[in-house]
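# Examination of the molecular architecture
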2 protein chains.
Amino acid sequence: MAMPDAVTLVEVGPRDGFQFEQAVVPTHRKLSVIARLVAAGLKQIQVASFVHPEKVPQMADAGSLIRQLPRQDGVVYTALVLNRQGLDRAMASGIAAVEISLSASDSHSRKNAGMAHDDALEKGLRMIDQALSAGLHVRASVQCAFGCVDEGQIPATRIAGIVRRFVEHGVHVLALADTTGMGSPPRIEGVLDAVLPLAGRLPLALHLHDTRGLGLVNLMAALKYGVSIFDTALAGMGGCPFVPGAAGNICTEDTAHLLESLGIHTGVDYRRVGAVSRDMEAFFLKSFPGRMHRVTAFQPPYESR
Amino acid sequence: MAMPDAVTLVEVGPRDGFQFEQAVVPTHRKLSVIARLVAAGLKQIQVASFVHPEKVPQMADAGSLIRQLPRQDGVVYTALVLNRQGLDRAMASGIAAVEISLSASDSHSRKNAGMAHDDALEKGLRMIDQALSAGLHVRASVQCAFGCVDEGQIPATRIAGIVRRFVEHGVHVLALADTTGMGSPPRIEGVLDAVLPLAGRLPLALHLHDTRGLGLVNLMAALKYGVSIFDTALAGMGGCPFVPGAAGNICTEDTAHLLESLGIHTGVDYRRVGAVSRDMEAFFLKSFPGRMHRVTAFQPPYESR
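Residues numbered from 1 in each chain as written. Chains lettered and ligands numbered in written order. Predicted model: local features only at pLDDT ≥ 70, side-chain atom pairs only at ≥ 80, totals over all residues.

### With respect to the overall build of chain A
Summing up its helical and strand segments, chain A has 12 helices and 8 strands in all. A compact globule built from 305 residues would reach a C-alpha radius of gyration of about 19 Å, and chain A, at 18 Å, matches this within 12%. Along the three orthogonal principal directions, the C-alpha set of chain A runs to about 50 × 40 × 35 Å. Counting across all 305 residues of chain A, residues that qualify as buried make up 54%. Taking contacts inside chain A between residues at least 6 apart in sequence as the whole, the part at least 24 apart equals 72%. (Helix = DSSP H or I, 4+ residues; strand = E, 2+ residues; numbered from the N terminus. Rg over C-alpha atoms; globule rule 2.2 N^0.38 Å. Buried ≥ 20, exposed ≤ 12 C-beta atoms within 10 Å, placed from the backbone. Contact = placed C-beta atoms within 7 Å.)

In structure tokens:
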């Protein structure tokens, strides 16, 4: 299969990134970051997750944030939902697109969602039905699709079985998440071999973590399968509290720079994203693992944006 | 061209890594690190550079270190030399293998070596002749082979011209260094297209920096050209004082893990290297950019090595 001519980057930093840090980003600051990401060319941004506000105070303002988002043609905001209460809150917020996510790993599902995989799948399918009935755009995603720290490699047939159910229920987009960063080119290829025939014309997104330093190597393997939607986070923020040694998502500006070097269009100005990342390092008083925000610090035209 | 079945990793942390940090590693500590790297399966280790001891105090013990190295069958130690005085000191130390290195970029050559590229090339060739006459094993390397922050992309024809001279002078190994981390798959392919036909049967090594996050992506591109020797540094240490925003070399344990996932033999136990990297973070009181030394911290069997 040929590499795509264009790739969509789904910015997940305001959700996956901000959720993983202890400091809570004030809503007005989130709005400013999101506006700058839109100005940098990002067309899809995951802005929040609807999780328990006491357990995850970083996301407690999800509803309020969504109501204040800058409207712009061609820009889609999404929110992550993991359970029924979250979906109800998401619908009340007025957001038009949700991601409904569950883990392929039984042990990860118990830790992260408090229920066995089979329960999570049945509940997830009912949430998908409810969201679709309400007219929402639905992306359904499989966590731990490329391995689990407790269970090792999850059989590709199990991933395919979950994806088949998602397709039968009529979701708009499929996504596979390398929650643990255990993906490698052969694993990516093995899972895509099993899943892509089921997806048919449905778009398939990958959500890659760089825990083992293979995020962009895995992106290259998936590009060669024609995958053209990738989640990324500014500065390479993000992680998972249940994955030891977890690193962040693949970095938005690093990914945009790589794709530009390959002649693949993203519409994302990695220098502008890098400027936002530098401000986030200043806000959180720490370094994030991405690279291009450091390199572009020496390219003055975008310095002050 | 097929991917290689086996890859040689040349550990450059004790040189490129230790040279870039302010704190000077005591000789006995360097010897302990090197012994543990050998125990982890590394067969080629660059242990020092012969540079001015007042300018680079981290390498002032090069001669003394080399005389105390643990001798082991099949393990080759090398030292980097950049000028005639350095070569004289290297020969006096008794080391059997040297790397003679010069920059393809005129501006980088002036900053790093204090002379224009043309001068550096003529002097480098005379050093190569001298080292070969003395019976040393000689690796000749081109810095900035995939781009220069001042000059942009260096034409592949210029890289090829330098390599041709190295081959004519009879070096044993060729090496191309991505000093600035400006390599990308198309650049790697373009330079290899120009250089590999000249190399003939001479082994060609790549020295990749991860400044823009593309180190392992570039390694994958080179593997597909059959390149089977890569410089790596424990924990992803290293950098270059003349490259703004420079990150380290590709990380030894991350690279060994990636190659293992591809079924390519290295003989390197990445868990053991990771344990050394964690100790180096404790010594330097900082985090290095590699990943697997964090992940393997949770894999107890090698914890205390």
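There is more to say, and it comes next.
### Details of helix α6 (residues 117-133) of chain B
Residues and elements named next belong to chain B. An ideal rise of 1.5 Å per residue puts 24 Å on 17 residues; α6 measures up with 24 Å between its terminal C-alpha atoms. Those residues of α6 not exposed but buried are His117, Ala120, Leu121, Gly124, Met127, Ile128 and Ala131. Considered in projection along α6, the buried side chains sweep an arc of 125° and stay on one side of the axis. Relative to its buried face, α6 has exposed residues pointing more than 90 degrees away, namely Asp118 and Ser133. Looking at the buried residues of α6, the elements they touch are β3 (76-81), α4 (84-93), β4 (97-103), α5 (106-113), β5 (137-143) and α7 (156-168). Following α6 by one or two positions, Gly135 has its phi on the positive side, about 85°. (Expected span 1.5 Å × (residues − 1). Arc of directions from axis to C-beta.)

### Points about the packing of helix α2 (residues 27-39) of chain A against helix α11 (residues 270-284) of chain A
Helices that pack against each other are described as a pair by the angle of their axes relative to one another and the distance between those axes. All names here are of chain A. Packing of α2 against α11 leaves a shortest axis separation of 9 Å and a crossing angle of 165°. With respect to each other, α2 and α11 are oriented roughly antiparallel. α2 and α11 meet at a crossing whose hand is left-handed. Packed against α2, whose contacting residues are Val33, Arg36, Leu37 and Ala39, the element α11 presents Arg272, Val273 and Val276 at the interface. Taken together, the residues that form the contact of α2 with α11 break down as 5 nonpolar, no polar and 2 charged. (Axes fitted to C-alpha atoms, helices over the stretch in contact; angles between N-to-C directions. Parallel < 35°, antiparallel > 145°, perpendicular 65-115°, else oblique. Left-handed = near helix turned anticlockwise from the far one by under 90°. Nonpolar A, V, L, I, M, F, W, Y, C, P; charged D, E, K, R; others polar.)

By themselves these figures say nothing about function.
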